[in-house]
Amino acid sequence: MIRKTDPQTVAPYLIDASNYSGGCASEAVIPESLDELIGFLRANRQPITVSGAGTGVTASRIPSSGTVVSLERFKTIGEIADGSVEVGAAVSLRDLQEFLQDTPYFYPPNPTETLASIGGTLATNASGSRSHKFGVTRDFVLEAQIVLADGRALRLARGAKIDRPLECEGGPPIEFPHTRYESPRCKNAAGYYVRPGMDWLDLFIGSDGTLGIMTGARLKLLPRPADFLSGVLFFDGEEPCWRLAASLREPDRQGISPCSLEYFDSFSLGRLRRKFPNIPGRARAALFFEQDIAERKDYEPVLEAWSDYLNAREVLLDDSWFARDARDVRAFHEFRHELPQMLNEENSRLGRVKVGTDMAVADEYFMEMMRFYRNILSASGIEYVVFGHIGDNHLHVNLLPEEGQVGKAGEVYQTLMDKVLEWNGTVSAEHGIGKLKKKYYRQMVGERALEELKRIKKALDPNLILGIGNTFDI
Ligand SMILES: Cc1cc2nc3c(=O)[nH]c(=O)nc-3n(C[C@H](O)[C@H](O)[C@H](O)COP(=O)(O)OP(=O)(O)OC[C@H]3O[C@@H](n4cnc5c(N)ncnc54)[C@H](O)[C@@H]3O)c2cc1C
């Protein structure tokens with residue numbers, strides 16, 4: 001096992017993509033095998049924060065004290081069997097995608113940050129643009145190897161329900177505490193996933209490094225589509241774009257079934273024009289779409305279906321972009337990826353604290369939500385950018401306050417959140433709670449549920465060792 005104690009070698013583990021600067025740890029421990037990890041945990045009494053690739057945006061891998069456990073040596077990818085593959089926690093999404101490139105399979109969860117580790121994506125239940133159709137990380141985890149904070153190890157598979165105690169090697173079975181709380185029904189990555197009769201596995205997925213250390217997982221793969229039809233549609237106003245996004249959910253769409261639907265408001269386009277000067281001058285909103293094509297012979301009919309569909313809509317069709325080959329598809333993904341990166345870079349350069357939302361609601365509130373956001377934001381006098389997963393009613397509102405506007409930005413955030421919670425939405429649909437959104441999570445679940453969720457934490461980590469400071473204070 002590698003142990004790093006020199007502050008300079010520990011420092012890289014005290015940051016992530018959130019700009020949070022309060023990290024502190026006396027040591028970074030890097031086990032080279034499952035047995036080493038178990039041995040270390042059995043002897044350990046210090047708080048532990050698990051480290052993935054550090055691409056998280058909620059400071060959840062940043063420790064406040066104690067020891068960092070990095071799984072960076074768990075990098076193996078196994079053989080594909082029965083449409084699934086066993087993957088070590090530190091394998092990055094990029095490594096996995098490259099491994100699958102020459103196979104008939106693909107792994108759909110596609111957060112735009114491909115340096116993220118599989119362990120990190122499980123711990124945050126990461127999702128991405130293609131989750132609109134294919135689902136989120138949770139939907140692709142068949143089994144996971146997990147070690148609890150006291151060194152008890154378990155291999156959890158689908159079908160092991162919380163109605164029965166959890167059996168672990170080296171300790172008594174664990175009962176799931178009685179809870180009345182249920183996670184919201186919209187896309188959600190906030191706190192623990194709790195549903196009646198669910199799998200134990202689902203509790204660990206999305207638990208933000210607070211319930212167990214996942215050293216590897218068996219992931220479900222899907223047959224690789226022969227192609228993707230994709231494009232960037234431009235609109236001369238925001239509402240026409242919202243209307244198109246809403247219409248794409250209607251049942252009868254004659255072969256149209258996008259897997260990605262990503263929105264850019266006029267301020268997003270303003271920023272993107274610096275890198276993509278060919279964005280049409282009159283565009284005030286854009287929609288990036290993708291549709292997976294199972295077999296090549298289906299490409300032309302699907303393209304025709306989109307063309308007929310869009311002809312009857314309020315799209316700036318002549319100005320819109322349609323991919324002609326795989327290079328264009330990659331370029332459109334870059335277009336989508338560029339914006340959060342630009343904003344992160346801009347925030348770091350200006351020393352600006354990120355005030356970004358990650359909220360989602362159920363379909364029925366979509367149009368109301370869009371109008372509410374626009375009205376509140378435009379009245380705030382604060383610069384802002386809205387983009388993201390419009391197909392899931394999940395938009396990222398990024399407030400970009402000047403120095404004297406930080407308090408006001410917090411108020412705007414609160415106003416948006418109060419409304420989202422009135423609609424039974426979530427405060428985090430993909431990034432998780434970490435250390436930065438605990439206040440919002442508390443409001444979302446309420447005091448009674450928070451106590452129930454703390455009982456779950458204590459059942460699995462009775463000495464309160466793992467991921468302390470994430471999700472809620474205990
Ligand atoms: C530009 C950019 C774009 C992004 N876009 C998206 C997006 O579209 N969708 C999305 O969901 N996210 C997105 N993210 C956020 C981030 O990529 C995800 O949260 C990702 O899942 C984090 O993985 P990581 O390996 O970097 O985890 P880290 O940041 O290292 O850790 C995140 C959490 O996981 C825990 N953890 C890590 N590994 C393990 C493990 N093996 N066992 C138990 N707990 C563990 C940590 O303790 C921590 O709580 C984006 C980030 C950036 C910078």
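Residues numbered from 1 in each chain as written. Predicted model: local features only at pLDDT ≥ 70, side-chain atom pairs only at ≥ 80, totals over all residues. Heavy atoms only, no water.

Caption draft 1: Structural detail: empty space enclosed by the protein. Taken as a whole and judged by the stated rule, the model has two cavities of 30 Å³ or more. Considering the residues around the largest cavity, the lining is formed by Glu238, Trp242, Tyr263, Asp265, Met370, Tyr373, Arg374, Leu377, Tyr384 and Val386. Among the elements of the structure, α7 (238-247), α11 (366-380) and β17 (383-389) are those that each provide at least two residues to the lining of the largest cavity. Ranked by residue count, the leading element in the lining of the largest cavity is α11, at four residues. Its residues assigned to classes, the lining of the largest cavity shows seven nonpolar, no polar and three charged. Approximately 50 Å³ is the volume attributed to the second largest cavity. Looking at the lining of the second largest cavity, its residues break down into five nonpolar, five polar and one charged. (1 Å grid on protein atoms, 1.4 Å probe; cavity = no way out; pocket = protein on both sides within 12 Å on 5 of 7 lines; lining within 4 Å. Points joined across faces, edges and corners; volume = space filled by probe spheres on them. Helix = DSSP H or I, 4+ residues; strand = E, 2+ residues; numbered from the N terminus. Nonpolar A, V, L, I, M, F, W, Y, C, P; charged D, E, K, R; others polar.)

Caption draft 2: Region of interest: the pattern of salt bridges. As enumerated under the stated definition, the model contains 37 salt bridges in all. Here Asp150 makes a salt bridge to Arg152, at a shortest N to O gap of 2.9 Å. The partner of Glu239 in a salt bridge is Arg243, with the nearest N and O atoms 3.6 Å apart. Of this pair, Glu239 and Arg243 both sit in helix α7, four residues apart, roughly one helical turn. Using a relative accessible area of 37% as the deciding quantity, one classes Arg243 as partly exposed. A network of salt bridges, in which partner residues are shared, links Arg138, Arg158, Lys161, Asp199 and Asp202. (Salt bridge = Lys/Arg side-chain N within 4 Å of Asp/Glu carboxyl O. Buried < 20%, exposed > 50% of the residue type's maximum accessible area, 1.4 Å probe, protein only.)

Caption draft 3: The arrangement of the site of the ligand in detail. Close contacts around the ligand come from 32 residues, with Val50, Thr55, Ser117, Ser127 and Met214 the closest. For the ligand, an oxygen atom lies 2.6 Å from a polar atom in the side chain of Ser117. A distance of 3.0 Å separates a nitrogen atom of the ligand from a polar side-chain atom of Glu430. Notes on the ligand: free accessible area 980 Å², of which the protein chains cover 97%. Going through the elements one at a time, α4 (118-124) and β10 (213-220) are the ones with two or more residues in the shell around the ligand. The element best represented in the shell around the ligand is α4, accounting for five residues. Of the residues assigned to the shell around the ligand, the class counts are twelve nonpolar, 16 polar and four charged. (Near = heavy atom within 4 Å. Polar contact = N/O pair within 3.5 Å; in protein donor to acceptor, adjacent residues only side chain to side chain. Areas by Shrake-Rupley, 256 points an atom, 1.4 Å probe, with all protein chains shown as cover.)

Caption draft 4: Just the domain arrangement of the chain, in detail. Along its sequence, the chain is organised into domain 1 (2-70), domain 2 (77-223) and domain 3 (227-422). The distance between the C-alpha centroids of domain 1 and domain 3 comes to 35 Å. (Domains from an automatic or database assignment.)

Caption draft 5: Representation of the sheet that holds strand β13 (residues 260-264) within the structure. Taken in spatial order, the seven strands make up an open sheet running β15-β12-β14-β13-β17-β18-β16, and their pairing is antiparallel. In this open sheet, the two strands that pair with only one neighbour each are β15 (321-322) and β16 (355-356). In this fold helix α10 (residues 326-350) packs onto β12 (227-235), β13, β14 (285-293), β15, β17 and β18 (394-400), with an angle of close to 145° to the strand it touches most, β17. Together, β16 and β18 form the strand contacts of helix α12 (residues 406-422), whose direction differs from that of β18 by roughly 160°. (Pairing = 2+ DSSP bridges. Contact = heavy atoms within 4.5 Å. Axes fitted to C-alpha atoms, helices over the stretch in contact; angles between N-to-C directions.)

Caption draft 6: Broad picture of unusual backbone geometry. Backbone geometry at Asp208 places phi at a positive 55°, although glycine is not the residue there. Of note, Asp208 is situated in the loop between α6 (200-204) and β10. Overall, the relative accessible area of 7% leaves Asp208 in the buried class. At Thr471, a position not held by glycine, the phi torsion is positive, near 70°. Tracing the backbone through its elements, the reader meets Thr471 in the segment after α14 (447-460). Residue class for Thr471 comes out buried when judged on its relative accessible area of 1%.

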